[in-house]
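In case you want the letters, here they are:
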Amino acid sequence: MLIKDIIEALEKDAPLQYAEDFDNVGLLVGDKNTKATSALITLDTTEAVVDEAIAKNCNLIISFHPIIFKGLKSLTGKNYVERAVLKAIKNDIAIYAIHTALDNYKKGVNAMLCDQLNLINQRILILQKQTIKKLTTFVPKSEAEQLRTALFNAGAGSIGNYSNCSFNVDGIGTFNANQVANPTIGKKGKTHYENETQINITFPKHLEAKILSTLFKTHSYEEVAYEISTLENTNQSIGMGMIAQFEQEMEEKDFLNYLKDKMKVPYVRHTQLLNKKIKKVAVLGGSGSFAIGAAKASGADAFVTADLKYHDFFQAENNILLVDIGHYESEQYTKNGLVAILTKKIPNFAFVLSNTNTNPVKYF
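Keep in mind it's a predicted model, so treat the numbers as computed, not measured. (Residues numbered from 1 in each chain as written. Predicted model: local features only at pLDDT ≥ 70, side-chain atom pairs only at ≥ 80, totals over all residues. Heavy atoms only, no water.)

(A) Quick peek at the overall build of the protein. The number of helices and strands found in the protein is eleven helices and 15 strands. Evaluated residue by residue, the protein yields a buried proportion of 48% over its 364 residues. Counting contacts in the protein only where the partners sit at least 6 residues apart, residues at least 24 apart contribute 72% of the total. Carbon together with sulfur atoms contributes 49% to the accessible area of the protein, which is approximately 18700 Å² in total. Averaging the positions of the 40 positive and the 39 negative side-chain charges in the protein gives two centres separated by 1 Å. (Helix = DSSP H or I, 4+ residues; strand = E, 2+ residues; numbered from the N terminus. Buried < 20%, exposed > 50% of the residue type's maximum accessible area, 1.4 Å probe, protein only. Contact = heavy atoms within 4.5 Å. Areas by Shrake-Rupley, 256 points an atom, 1.4 Å probe, with all protein chains shown as cover. Lys, Arg positive; Asp, Glu negative; His and termini not counted. Charge placed at Lys NZ, Arg CZ, Asp CG, Glu CD.)

Spelled out as structure tokens, the structure:
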């Protein structure tokens, strides 16, 4: 088992193409072609976590948060980031971070948070835009079925609960091959008329390289005519946050106590109680102030997130109960979820759950 095999297995569910633009995800330290001994799964990569990896003979750390977020101009050990990276390099330990790619995965961070709270009927709160692309190409009519099938097998043509979706138009294609061309049909120097089928087919953006490779491999023409466009349609499986609900509504104070119990937090910060029942709940693990508007628009009774600033709480405007449970606390079960995902995919490999508490915030 190479490190790249583990990465590929994880990225089939949470492709890095869906990480946010500001993020720094992927293999941050190490060689992907190195043989993996075992992998330590953690929320953050700190010096203590690297020490734990050394002690447990793990030469791969799979971290939710990236230890390298901003550019490093030196590696002298002057801060915790550089010290952790240096220690990992000295001990031949690779570091991989998945962060917002897992945030945007339908069964990722926020689904894990919903599961911890026993919330049902989960759906994504903020759908990520421009995740669907469309391929338009032209192929001899006699080869259209073969090409369509190859593209379907490569992952194209799935729309919601439907697969093998395409739109096809028959017409006449023309071309004139010059003397250095090597046409598969037609003759050099003579305009050729061919009965062709225009195939239109959608695909998720992370499969673009695979779709184009399949197109070129399957198509018989020396020069393949095609175009790719980005659609405004949204993929219901990609995006930030979740909106879900309890089976039974509960009083606000009962809800807050329930949060403290389920999330194992000493206290929560919240807006004014509104004297209404809580049933529909929006969640967003980590810093979620940007999603307050979406939570309100969804009709949620409460929004559970973290890192709310003083003025963020005013945005509730007596329409929703905002609850800040802490950044670490809102994402603490992510490493458990990652272990579950990876163990199911690669059952014969050792994925070790880190027992290092990396929360830098302490309570008195």
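There is more to say after this.
(B) Spatial organisation of helix H11 (residues 334-345). With twelve residues, H11 should cover 16 Å at 1.5 Å per step; its first-to-last C-alpha distance of 17 Å lies within 8% of that length. Among the residues of H11, Thr334, Lys335, Gly337, Leu338, Val339, Ile341 and Leu342 are the ones counted as buried. (Expected span 1.5 Å × (residues − 1).)

(C) Focus on the nonpolar core. Counting residues in each nonpolar core, the largest one holds 30 residues, and the members touching the most others are Ile6, Ile62 and Leu102. At the level of elements, helix H1 (3-13), strand S2 (39-42), strand S3 (60-63), strand S4 (94-97), helix H4 (99-103), helix H5 (109-116) and H11 are the ones that each hand at least two residues to this core. When residues in this core are grouped by element, the largest group, five residues, is from H1. Setting aside residues no more than four positions away along its own chain, Ile6 makes contact with Met1, Ala36, Leu60, Ile62, Leu342, Ile346, Phe349 and Phe351. (Core = buried A, V, L, I, M, F, W, Y, C linked by side-chain atoms within 4.5 Å.)

(D) A look at the side chain of Ser38. Mapped onto the elements, Ser38 comes out in the loop between strand S1 (26-29) and S2. Of the residues examined, Ser38 reaches a relative accessible area of 7% and is grouped as buried. Only 3.1 Å separates the side chain of Ser38 from the backbone oxygen of Asn57, close enough to count as a polar contact. In contact with Ser38, not counting residues within four places along its chain, are Lys56, Asn57, Cys58, Asn59, Leu60, Phe349 and Ala350. (Polar contact = N/O pair within 3.5 Å; in protein donor to acceptor, adjacent residues only side chain to side chain.)

(E) Main features of the packing of aromatic side chains. Applying the stated criterion across every chain yields a total of eight aromatic pairs. Relative to Phe255, the ring of Phe246 has its centre 6.0 Å away and its plane inclined at 70°; by these criteria the two rings are edge-to-face. One exposure class covers both Phe246 and Phe255, and it is buried. Through successive ring pairs, a cluster of aromatic residues spans Phe246, Phe255 and Tyr258. (Phe/Tyr/Trp six-rings, centres within 6.5 Å; stacked < 30°, edge-to-face > 60°.)

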